[in-house]
Amino acid sequence: PAAAVCVIPNAVDACSFVPAPENIWPRQMPDGRPCINVVFLARLVRRKGISLLATVIPRVCALCPDVYFIIGGDGPRRWELEAMIERHELQSRVELLGLVRPPDVPAALTRGQIFLSTSLTEAFCIAVLEAVSCG
């Protein structure tokens, strides 16, 4: 019966998405300084703000020498990120993971201390809930 059904919008499996500080990696920049890892996980399409991401990363890297970006996802806008990395010589500051399969998402999220979303169409999405659940 309809009265027995309860809908929970934007649910996340809290048993799968848990903090794991031991997964933070890398812990140091190539020169040995501690680093802050920023994780971005999304399909690499226009509506996910990939152009914005490609604009922001070089600016953040210029201002904050201890920031390292971990980008998971694949799609038709990947070329923008590859071009940005090459143009700004950020190979040691930006890691492109490629497609992250759903069972591997928690491990990717727990590599970072900060989750970044540049979506142009989502104010609040499952990815943010998953990231928050991971700490």
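Residues numbered from 1 in each chain as written. Predicted model: local features only at pLDDT ≥ 70, side-chain atom pairs only at ≥ 80, totals over all residues. Heavy atoms only, no water.

A. Spatial organisation of the pairing of strand β1 (residues 36–41). In terms of burial, β1 is largely enclosed, as five of its six residues are buried. Both β1 and strand β2 (residues 67–72) contribute to a ladder of six bridges, which runs parallel. Paired with Leu 41 across the strands is Gly 72, a residue of β2. Considered for its hand, the β-α-β crossover made up of β1, helix α1 (residues 50–63) and β2 is right-handed. (Buried < 20%, exposed > 50% of the residue type's maximum accessible area, 1.4 Å probe, protein only. Helix = DSSP H or I, 4+ residues; strand = E, 2+ residues; numbered from the N terminus. Pairing = 2+ DSSP bridges. Right-handed = clockwise from strand over helix to strand, strands pointing away.)

B. Representation of the pairing of strand β3 (residues 94–98) in the model. As paired strands, β2 and β3 are joined by four bridges and run parallel to one another. What sits directly across from Ile 71, in β3, is Leu 96. Following the chain from β2 across helix α2 (residues 78–87) to the adjacent parallel β3, one finds a crossover that is right-handed.

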